[in-house]
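Descriptive structure summary
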Amino acid sequence: MGRVFGDAGLICSRPKLNKEAPLLCKSKTYSPNRVTCSLGVHSLQRGLDEELLKWGWPEDVWFHVDKVSSAHVYLRLRPGQTIDDIPTAVLEDAAQLVKANSIQGSKMNDVDVVYTMWTNLKKTDGMEVGQVGIHKEKEASFSVRKIRVAKKSNEILNRLNKTKQVAHPDLRAEREKRDREEREDKKRLLREQRERDKEEERRKKEEAELSYSYIYAFLPSISPPTLPPPRSTCMRYSVVFAEYGITHQPTICGTLKGLLPDQLEALGCQIMLGNTYHLGTRPGPSLIMKAGGLHKFMNWNRALLTDSGGFQMVSLLKLAEITEEGVKFQSPYDGSEVMLTPERSIEIQNSIGADIIMQLDDVVKTTTVGPRVEEAMHRTTRWLDRCLKAHQNADTQNIFPIVQGGLNTALRTESAKQLIQREVSGFAIGGLSGGESKDDFWKMVHLTTDLLPEDKPRYLMGVGFATDLVVCCALGVDMFDCVFPTRTARFGCALVSGGQLNLKQKNYANDFEPIDKECECSTCKRYTRAYLHTVVTVETVACHLLTIHNIAYQLRLMQRIRDSIEQQCFPEFVSNFMRTTYPSKEYPQWIVDALAAVNILLDVAEVAAENSV
Amino acid sequence: MKFLLTSVASCSNRIGCIKDIERLPGLVLETPLLLLYTKGGSVPHLTYEVLQMVSKEQHLLHIPISTVAQCYEAVSAFKKGIADFIGLKEYLTFNSIHDPAVVTPHGFSEMDTISIWPRNGRKQLDADKYMDIIEAFQPDMYQVLCDGDTNTTSSKRRVQKSVDRSITFFERCIKRHEKSEVLKNSAVLGVVEGGYSVGGREMSAKYLANSSVFGYVIDGLHNNGPDVEHLTFGDVKPILKETLKHLPNEKFRLLHGCWNPEAVLNMVELGIDAFDSSYAYIVTERGGALIFQNAVTNLYAADFTPISRSCSCLTCQKHTRAYVHHLLNTRELLGPVLLTIHNLHHYMEFFKSIREALKSNTLDNLRKCARVYTLSCHETLASPNQITLSRDEFWIKH
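Note on numbering: residues in each chain are counted from 1, in written sequence order. Throughout, the order in which chains and ligands are written sets their labels, letters from A for the former and numbers from 1 for the latter. Only residues with pLDDT of at least 70 are given local features in this predicted model, and only at 80 or more are side-chain atom pairs given and counted; all residues enter the totals for whole chains, interfaces and linings. Heavy atoms throughout the structure, all of them, feed into the side-chain values; hydrogens and water do not.

Condition: UniProt positions are given in the numbering used here, feature names are shortened, and annotations may be inferred rather than shown by experiment.
Looking at an unreviewed UniProt entry, chain B carries the name Queuine tRNA-ribosyltransferase accessory subunit 2, with the source organism given as Coptotermes formosanus. On record in UniProt, under Sequence similarities (unreviewed entry), the comment for chain B is "Belongs to the queuine tRNA-ribosyltransferase family. QTRT2 subfamily."

If you look chain A up in an unreviewed UniProt entry, it shows as Queuine tRNA-ribosyltransferase catalytic subunit 1 from Coptotermes formosanus. In its Catalytic activity (unreviewed entry) section, UniProt records this for chain A: "guanosine(34) in tRNA + queuine = queuosine(34) in tRNA + guanine". What UniProt records for chain A under Subcellular location (unreviewed entry) is the sentence "Cytoplasm".

1. Section: the sheet that holds strand β23 (residues 402-403) of chain A
All names here are of chain A. Rules: Pairs of strands are assigned from DSSP output, requiring at least two bridges between the strands. Secondary structure is summarised from DSSP: a helix means a run of H or I of at least four residues, a strand means a run of E of at least two, and numbering begins at the N terminus for each.
Spatially, the 4 strands line up as an open sheet ordered β23-β24-β25-β26, and their pairing is parallel. In the strand order of this sheet, the two ends are held by β23 and β26 (479-480), each with one partner. Relative to strand β25 (residues 458-460), strand β24 (residues 427-429) runs parallel, the two being bridged by 3 bridges. Its bridge partner lying in β25, Phe427 is registered against Arg458.

2. With respect to the confidence of the model for chain B
All names here are of chain B. To keep it simple, the criterion reads: Per-residue confidence from the predictor is reported as pLDDT, a score between 0 and 100. Contacts are assigned to residue pairs with any non-hydrogen atoms lying within 4.5 Å of each other.
When pLDDT is averaged along chain B, the result is 86; 89% of the residues meet or exceed 70. Note on residues 292-297: pLDDT under 50 across the span, and 26 contacts to partners over four residues away in sequence or across chains. Here residues 375-398 is modelled with pLDDT under 50, and outside its nearest four sequence neighbours on either side it reaches 43 contacts, counting other chains as well. Both scores are available for the predicted complex, with the pTM at 0.73 and the ipTM at 0.88.

3. Things to note about the UniProt feature "binding site: Zn(2+)" (unreviewed entry) in chain A
Residues and elements named next belong to chain A. What UniProt calls "binding site: Zn(2+)" (unreviewed entry) maps, in this numbering, to Cys519, Cys521, Cys524 and His549. Spanning 31 residues, the named residues form one tight spatial group whose C-alpha atoms are at most 8.1 Å apart. With near-sequence residues (within four places) excluded, Cys519 lies in contact with Cys524, His549 and Arg556. Positionally, His549 belongs in helix α18 (residues 540-566).

4. Describing helix α13 (residues 438-451) of chain A
Residues and elements named next belong to chain A. So the rule is basically this: Expected helix span is computed as 1.5 Å times (number of residues minus one). Each residue is placed in one exposure class: buried if its accessible area under a 1.4 Å probe, protein chains only, is under 20% of its type's maximum, exposed if it is over 50%, and partly exposed if it falls in between.
Helix length check: α13, at 14 residues, gives a terminal C-alpha distance of 20 Å against a target of 20 Å (1.5 Å per residue), a fit within 8%. When we look at burial in α13, the residues that qualify are Phe441, Trp442, Met444, Val445, His446, Leu447, Thr448 and Thr449. Buried-residue contacts for α13 involve β23, α12 (409-419), β24, β25, α14 (466-474) and α20 (589-597).

5. So, the nonpolar core
To be explicit about the condition: What makes a nonpolar core is a set of buried Ala, Val, Leu, Ile, Met, Phe, Trp, Tyr and Cys residues whose side-chain atoms join them at distances within 4.5 Å.
In terms of nonpolar packing, the biggest core is built from 222 residues, with Leu460(A), Met578(A), Ile18(B), Met141(B), Trp259(B), Met267(B) and Ile354(B) touching the most fellow members. Beyond its immediate stretch of four places on either side in the chain, Leu460(A) contacts Ile429(A), Leu432(A), Phe441(A), Val445(A), Cys472(A), Val477(A), Met479(A), Phe480(A) and Asp481(A). Of all hydrophobic cores here, the second largest spans 25 residues; its members include Val61(A), Ile86(A), Ala94(A) and Val149(A).

6. Quick notes on the interface of chain A and chain B
This is how the line gets drawn: Here the buried area means the combined drop in accessible surface, using a 1.4 Å probe, for two parts upon being joined, counting both sides. Salt bridge criterion: a side-chain nitrogen from Lys or Arg within 4 Å of a carboxyl oxygen from Asp or Glu. Polar contacts, as used here, are pairs of N or O atoms within 3.5 Å; protein pairs need one atom able to donate a hydrogen and one able to accept it. Residues neighboring in sequence count only if both atoms are side-chain atoms. Under the convention adopted here, Pro, Cys and the residues Ala, Val, Leu, Ile, Met, Phe, Trp and Tyr are nonpolar, Asp, Glu, Lys and Arg are charged, and Gly plus all remaining residues are polar.
Facing 38 residues of chain A, the contacting portion of chain B comprises 44 residues. Summed over both partners, the interface of chain A with chain B comes to about 3500 Å²; 61% of that surface belongs to carbon and sulfur atoms. For the chain A face of the interface with chain B, the top three residues by lost area are Leu260(A), Arg526(A) and Tyr531(A), together amounting to 19%. The salt bridge involving Glu90(B) is made with Arg526(A); its shortest N-O contact spans 2.8 Å. Here chain A is connected to chain B by 14 residue pairs in polar contact (both at pLDDT 80 or more). When residues in the side of chain A that touches chain B are grouped by element, the largest group, 6 residues, is from α18(A). Per-class residue counts for the side of chain A that touches chain B are 22 nonpolar, 10 polar and 6 charged.

7. Focus on the pairing of strand β27 (residues 493-496) of chain A
Residues and elements named next belong to chain A. Burial along β27 is two-sided: Cys493 and Leu495 facing one way and Ala494 and Val496 facing the other are all buried. Direction of pairing for β27 relative to strand β28 (residues 499-502): antiparallel, over a ladder of 4 bridges. Bridge pairing in β28 links Ala494 to Leu501. Hairpin connection from β27 to β28: 2 residues lie between these consecutive antiparallel strands, with Gly498 at a positive phi of about 95 degrees.

8. A few points about the domain arrangement of chain B
All names here are of chain B. To be explicit about the condition: Throughout, the edges of the domains are those of an automatic or database domain assignment.
As assigned here, chain B comprises domain 1 (2-286) and domain 2 (287-379). The C-alpha-based centres of domain 1 and domain 2 are spaced at 26 Å. Taken residue by residue, the interface counts 40 residues in domain 1 and 32 residues in domain 2. Of the roughly 3300 Å² buried where domain 1 meets domain 2, counting both sides, 68% is carbon and sulfur surface. Applying the counting rule to domain 1 against domain 2 returns 2 salt bridges. With a closest N to O distance of 2.9 Å, Glu30 and Lys359 form a salt bridge. For the side of domain 1 that touches domain 2, the elements supplying multiple residues, two or more each, are β3 (29-31), β4 (33-37), α1 (48-54), α9 (261-270), β13 (274-276) and α10 (278-285). Across the side of domain 1 that touches domain 2, the residue classes tally to 23 nonpolar, 9 polar and 8 charged.

Laid out in structure tokens, this is it:
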């Protein structure tokens, strides 16, 4: 029952051009954009007008001759287009078409054609067939436009007529199809958004997940380093005796993630890090108290360290607000406002009962500059004093203060100077490893270790890449904590000297070697890269196997560092290590500089010579 | 490899053993036997190191092809078989087709192929492809390809098709097996199909009864997955009896699926020799511990007793319900590890007590206990407060 014009798509129907209706015609001038105009005829095809009116699309623009009766012409915009985007040529086409299809209008000159979005049309039960009202005429955003047609243009009409096609569009089906697609589109977008949110949440969670890391550290009743610092480097070695066993330093931590305490002991792990934020929410301090402390709760007989819980709050929770009183945040569980004060942090850590506990510090992003850094540094000292005052178990638990001061030499110096006046058994270096340049990083570590007392352990928070460990040991750091070995295991990566293997990669599918032939861990003794490739990131077993290997790797590295210090050949060890890691001897400049600062000179002569040429 | 029914004086029960295994001489596995269910070539959640903490014995590993099909190319290149590839060469291996812990989708059987669903999507296997995989894997024991897509609701037509096709698959697989050099020491199990049709079972069983297979898998009773737990012995008893009637008494019989312990006991009595441990797996996955169900209730949050006082597993020896509860609650990876250690240990002990009860003719006592156990499960789900430990402790006593 219809006819279509051309290859672009204006729907048109009229008794004068053709007795049939509707007609789809395409405006050539606009054909690249595929605009559809539909003309419903009001006289013969009243029913069709109604149909078009009923099943129009929100993207349709409706044309009609002003004041007199005419056919209806519809122009379909593309998604995203607005009524203002219609090119003048197309407007003219549509206007000519609508004028030609008006019994009265076709005989008049200077005819006004009105056009508006289909959504603005109003059809109520009381209206006659063919009669149309308009909503919200006065609202600017929904305004009805006018275009004046001076006189008939045969050129345009002939062109449109040439492109006409007969069509029998099932208007209802088309509309329903469109609506369906729109719904699906919306759903897809929503789904994608949800996935993005989930991914984001997962990433955040991982970042904050330290929940059971363990540290190779030393403990409270500090004994002086058993060996004097050899040569002029700062690296140190000591054995520390604690309530829960002996630990050696320098030491490192990783995360427990799925390993049994027995396996950790077998690996030689001596101290574990528990995350106060996570433990404080689940299972909660009162339950841990009831169990007789975290050692008993998890059946771990060696040393434990807990953080203050502040870092997780600031990094996990967007809404955290720091005031002099403490860290205020919204509980992720019930949305209520909660305040973590220095006193509360220590109270929770007292009930957990770890051997080393951390003061609550005022954490600012490492790269922050300005007065906020200074404020945070002074507040950290004030909070330390409140922590020390609130501490209940001074005989069994040791509080470590945290040196702050961002990347500002003066502030860091001031922070260290304030903190060393307090009576504590060790110090943590905080506020680093947060996106600053390596150059800034090592200088701050070097500066801080120089200021801290020789006979007390220094704990560098959040550092754990192999090269960083070696460099920072040389700079005089004694203990580290890091989730890197276990986190990377969860992504299917195994640590090896010189870097890591991503076992997901296809080239390991037929590789029947162990991860590392030299490695003595239970994974390397039994499992091949090819098998790990088939289960990695799918079975939890693969995560356990890689975690074991990665922890064993880090532990071996620390053992080698300790051995070399003991044998007074640490500088040689560092040189060898760097050569293995960077076989081309193209060492990053910050490593060269940092090591040179403690008189370990890397063999960079040739490269340097080449560069200077 | 040999299967022998050992006759114990004053005992008419079916007890036996698998021995003279070519690859592992000296190893004797007693039946009724528990096969260790694996996924992707590992006992779920357990590395070799931890598996050793559960049991130092050598077990028969149940390796469903659908969970390891993605290893096929690598194992072919490796040339030493699946046991070595997955790092568990001290263990005996058995290959089946579908994963008993996951529902096998219905309606994908075709004339010459059946479908499996490994990680990378549906894969169709015909007899030749299946035997290619088996030859690469070199298992100590395997079942032939079969169409087991039948359950209580299957139509006659479907049952007939499954019987006919399984016979064709059997013939093709056996042909390949006889020609194969690498499989000459592997034991083959024929697969009895026939759904819940007496006629179908008779036809399938009679056909296989005269073949020279090592034993049989009774298949086609369910479509796998956790729901098998809710099937009762009453549902399958008549058809199982009918099937076993036609099979030679002296051959090994295996049944897949996560049957509940009471059903297992009854089927043992009927004459089934081996089951897989997928039941312990599905219980772990829903956070349950055998003995008490659904550890994830606050009831256990402050319970500093072990899961079971009388249990000798590492989890019960070293950790409390409160700790396991906490790990499950915070979704720590260690949670399922500790639960698997307990559940697997518990299930192994259950099979030990079955064997002992058979020898001493005290299966009835054990059954009473198993019934109480199953009851307590249901009570637990309805009202967790009613759990008492004593009620569930008997498995170990036997």
